[in-house]
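# Summary of the model geometry
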Amino acid sequence: MLPKNDHFRIARERMVESQIAARGIRDKRVLEAMKKVPRHLFVDEALWDQAYSDFPLPIGSGQTISQPYIVARMTEELGLKGDEKVLEIGTGSGYQMAILAELARQVFSVERIPSLLQRARQVLDSLGYHNVMIKLDDGTWGWKEHAPYDAILVTAGSPTIPTPLLDQLKDPGVMVVPVGDEYSQTLTKIIKKDGKVETKYLEGVRFVKLIGDHGWRA
Ligand code: SAH
């Protein structure tokens, strides 16, 4: 039998090849990051054997860690080169944050549920990510102290684009947000450039609700 670490490394490589590269993700840095970050450590040990399969998993408090392909797709759309300051809304397990931390200079994330924030912080710490910072708050207000951001990623579904996030996006900058009703959303990409804002609709997704002043009411 293979040692556990090798077992998961092989499962992770297969995940990247069969679920992510095969579905059209081309950015080599994104593929490398997804091969590197141990997704199983972001879920309960009872779920480790499912950690490299193509579906979301529960992380407690009624929340989920997104399907690996969706993490890859959203990350690729940000077009990170390595020197960016990124804001994520909805830390959840911290997995998406680890992927962003591999690809950008500095990553900030906001989470509204204390137990999730604590666990994410522990896992990210134990993996040695030092370019990440998390705070407990309503992320629909963004994180003003560190704005503006080169890229913003919202990992919960919102009825509209939260205006504070649009204000905290740099020019040029890019933001990806799932926008829709509580059952289904469209992955929406906002590109800010030369004082203008362009909107692109990417694909249908299903996220848990973004709950806050500029999202859904609790
Ligand atoms: N990116 C996460 C998955 C997010 S699930 C991961 O990689 O695991 C969505 C998360 O958004 C949940 O943890 C939920 O508590 C959080 N959330 C919902 N509304 C929020 C808000 N207004 N501010 C901050 N976090 C919020």
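Residues numbered from 1 in each chain as written. Predicted model: local features only at pLDDT ≥ 70, side-chain atom pairs only at ≥ 80, totals over all residues. Heavy atoms only, no water.

Attention now moves to the overall build of the chain. Helix and strand content of the chain: six helices and nine strands. Whereas a compact globule of 218 residues would reach a radius of gyration of roughly 17 Å, the chain reaches 16 Å, a difference of no more than 12%. Its C-alpha atoms put the chain at 55 × 35 × 35 Å along the principal axes. Expressed as a percentage of its 218 residues, the buried residues of the chain come to 52%. By element, 51% of the accessible surface of the chain is carried by carbon and sulfur atoms, the whole surface being about 10,400 Å². Taken together, the 29 basic and 29 acidic charged side chains of the chain have centroids lying 2 Å from each other. (Helix = DSSP H or I, 4+ residues; strand = E, 2+ residues; numbered from the N terminus. Rg over C-alpha atoms; globule rule 2.2 N^0.38 Å. Buried < 20%, exposed > 50% of the residue type's maximum accessible area, 1.4 Å probe, protein only. Areas by Shrake-Rupley, 256 points an atom, 1.4 Å probe, with all protein chains shown as cover. Lys, Arg positive; Asp, Glu negative; His and termini not counted. Charge placed at Lys NZ, Arg CZ, Asp CG, Glu CD.)

Turning to the site of the ligand, a few remarks are in order. Taken together, the neighbourhood of the ligand is formed by 26 residues, with Ser 93, Glu 111, Asp 138, Gly 139 and Ile 211 sitting nearest. Within the backbone of Gly 90, one N or O atom sits 3.0 Å away from a nitrogen atom of the ligand. Taking 580 Å² as the accessible area of the ligand by itself, protein coverage stands at 99%. Put simply, the ligand lies in the largest pocket. (Near = heavy atom within 4 Å. Polar contact = N/O pair within 3.5 Å; in protein donor to acceptor, adjacent residues only side chain to side chain. 1 Å grid on protein atoms, 1.4 Å probe; cavity = no way out; pocket = protein on both sides within 12 Å on 5 of 7 lines; lining within 4 Å. Sits in = over half its atoms within 2 Å of the grid points.)

With six of its six residues buried, strand β6 (residues 149-154) lies for the most part within the structure. Bridge analysis of strand β3 (residues 85-89) against β6 gives four bridges, and the strand direction is parallel. Considered in β6, the bridge of Glu 88 is made with Leu 153. (Pairing = 2+ DSSP bridges.)

A few words now on the layout of surface pockets. By volume, the largest pocket is sized at about 570 Å³. Every residue lining the largest pocket is counted, 35 residues in all, and those nearest its centre are Thr 64, Thr 155, Ala 156, Phe 207 and Val 208. Taken together, the elements giving at least two residues each to the lining of the largest pocket come down to β2 (63-65), α3 (68-78), β3, α4 (95-103), β4 (106-111) and β9 (196-205). Sort the elements by how many residues they give to the lining of the largest pocket and β2 lands first, with three residues. Taken together, the residues that form the lining of the largest pocket break down as 16 nonpolar, 12 polar and seven charged. (Points joined across faces, edges and corners; volume = space filled by probe spheres on them. Nonpolar A, V, L, I, M, F, W, Y, C, P; charged D, E, K, R; others polar.)

In the contact formed by helix α1 (residues 4-21) and α3, the axes pass within 9 Å of each other and the chain directions differ by 70 degrees. Between α1 and α3, the angle is such that the two are roughly perpendicular. At the point where α1 passes α3, the crossing takes the right-handed sense. Residue-level inspection shows Met 15, Gln 19 and Ile 20 of α1 in contact with α3, the latter providing Pro 68, Tyr 69 and Ala 72. (Axes fitted to C-alpha atoms, helices over the stretch in contact; angles between N-to-C directions. Parallel < 35°, antiparallel > 145°, perpendicular 65-115°, else oblique. Left-handed = near helix turned anticlockwise from the far one by under 90°. Contact = heavy atoms within 4.5 Å.)

On to the packing of α3 against α4. Direction vectors running N to C along α3 and α4 enclose 35 degrees, while the axes themselves pass 11 Å from each other. When the axes of α3 and α4 are compared, the crossing they make is right-handed. For the pair α3 and α4, the contacting residues are Val 71, Met 74, Thr 75 and Leu 78 in the first and Tyr 95, Gln 96, Ile 99, Leu 100 and Leu 103 in the second. Of the residues that constitute the contact of α3 with α4, the class distribution is seven nonpolar, two polar and no charged.

Averaged over all residues, the pLDDT of the chain equals 97, while 100% of them reach at least 70. Ranking the elements of the chain by mean pLDDT puts α1 last, at 93, and β6 first, at 99. (pLDDT = per-residue confidence, 0-100.)

What follows covers the pairing of β4. Within a regular strand, side chains alternate between the sheet's two faces. With five of six residues buried, β4 lies mostly within the body of the structure. Alignment of β3 against β4, held across five bridges, turns out to be parallel. Bridge pairing in β4 places Val 86 opposite Val 107. In the sheet, β4 pairs with strand β5 (residues 132-136) via five bridges, with the strands oriented parallel. Bridging from a neighbouring strand, Val 110 pairs with Lys 135 of β5. With helix α5 (residues 114-126) bridging β4 and the parallel β5, this β-α-β connection has right-handed handedness. (Right-handed = clockwise from strand over helix to strand, strands pointing away.)

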